[in-house]
Amino acid sequence: MPYLGIGLHFIAAIYFAVHAIRSGQSLYWLLLLFSFPLLGSVVYGLAIYLPEIRHSRGARQVVSSAKQFIDPGKDLRNARAELSRTPTVQNRVRLGMQLLGAGQAEEARELLELAASSPLGDDPYILTGLARARFESGQAALAVETLEGLFARHPDVRRKPEQTLLYAQALAGTGSPGAQAAFERAVECGNDAEARCVYAEWLLTQPDAADRERSHSLFASILDDARHWSRHARSHNALWLDRSKARMKELERAR
């Protein structure tokens, strides 16, 4: 049993070391992790890993799903009430984002357009929400325009997974010839299976045989990676994995 405990300490240290390398942390963390596996893992987990996953898109989705299961619509009701009591830009944005999550893109778009025209309208969070609301309400060209303005003002956002994928989807929605290159960039910037799956599904709608082959390879890469995913990664990517499996079956039947 002592050997099992020691082994688990080193497994945790190795896991955090891989995370440190991939996320560009200081080499000091590697020294700490391998010199003091148990203590180093605890310190790294509390200082770096937990704060990161708490603010990740996947973690927010898990929390949101849990809240919706317990009391569907509670957050939306609260956001409406708060905006009614205090009509600030922040409350307008909060309600707009809740509406987006509830699939009410048109109303969300109206609120986020008002927020974007305020002195706080340069905020990347607001502009990303506005772009998504415009895209989901059928205004792909305006979504492209919003995102290009965002990229011009905040160049670092051009490397963010959410915004690069949304930009590719919006370009595809306008029929732009630059959509494929944008999807390729989104795949490069992506940190989960979403970009690959969405890109592969778009490729299936294209007439070129080479696009179908590229689509097949993307779906296959998701299925291959899934064999090595942790429980958390599998849960986070469950939707994209299921969709990839279904599309692969369709492709195999068509061959």
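Going by the structure above, here's the rest.
Here we come to a nonpolar patch on the surface. There is a patch of nonpolar side chains on the surface, built from Phe10, Ile14, Val18 and Phe34 and spanning about 350 Å² of accessible area. Ranked by residues supplied to the nonpolar patch, first place goes to helix H1 (residues 2-22) with three residues. By the secondary structure assignment, Phe34 is in helix H2 (residues 27-35).

What follows deals with the packing of helix H9 (residues 140-153) against helix H10 (residues 161-174). Where H9 meets H10, the axes come as close as 8 Å, and the angle between the chain directions of the two elements is 145 degrees. Once H9 is placed against H10, the crossing between them reads as left-handed. Across from Ala140, Ala141, Ala143, Val144, Leu147, Glu148, Leu150 and Phe151 in H9, the residues of H10 making contact are Gln163, Leu166, Tyr167, Ala170, Leu171, Gly173 and Thr174. In the contact of H9 with H10, the residues fall into eleven nonpolar, three polar and one charged.

A separate point is helix H12 (residues 194-204). The buried fraction of H12 amounts to eleven of the eleven residues, a majority that puts the element mostly inside the structure. All of the buried residues in H12 are Glu194, Ala195, Arg196, Cys197, Val198, Tyr199, Ala200, Glu201, Trp202, Leu203 and Leu204.

Each value, and the rule that gives it
- Residues numbered from 1 in each chain as written.
- Predicted model: local features only at pLDDT ≥ 70, side-chain atom pairs only at ≥ 80, totals over all residues.
- Heavy atoms only, no water.
- Patch = residues over 30% accessible without salt bridge, like charges linked within 9 Å, V, L, I, M, F, W, Y side chains within 5 Å.
- Areas by Shrake-Rupley, 256 points an atom, 1.4 Å probe, with all protein chains shown as cover.
- Salt bridge = Lys/Arg side-chain N within 4 Å of Asp/Glu carboxyl O.
- Helix = DSSP H or I, 4+ residues; strand = E, 2+ residues; numbered from the N terminus.
- Axes fitted to C-alpha atoms, helices over the stretch in contact; angles between N-to-C directions.
- Left-handed = near helix turned anticlockwise from the far one by under 90°.
- Contact = heavy atoms within 4.5 Å.
- Nonpolar A, V, L, I, M, F, W, Y, C, P; charged D, E, K, R; others polar.
- Buried < 20%, exposed > 50% of the residue type's maximum accessible area, 1.4 Å probe, protein only.

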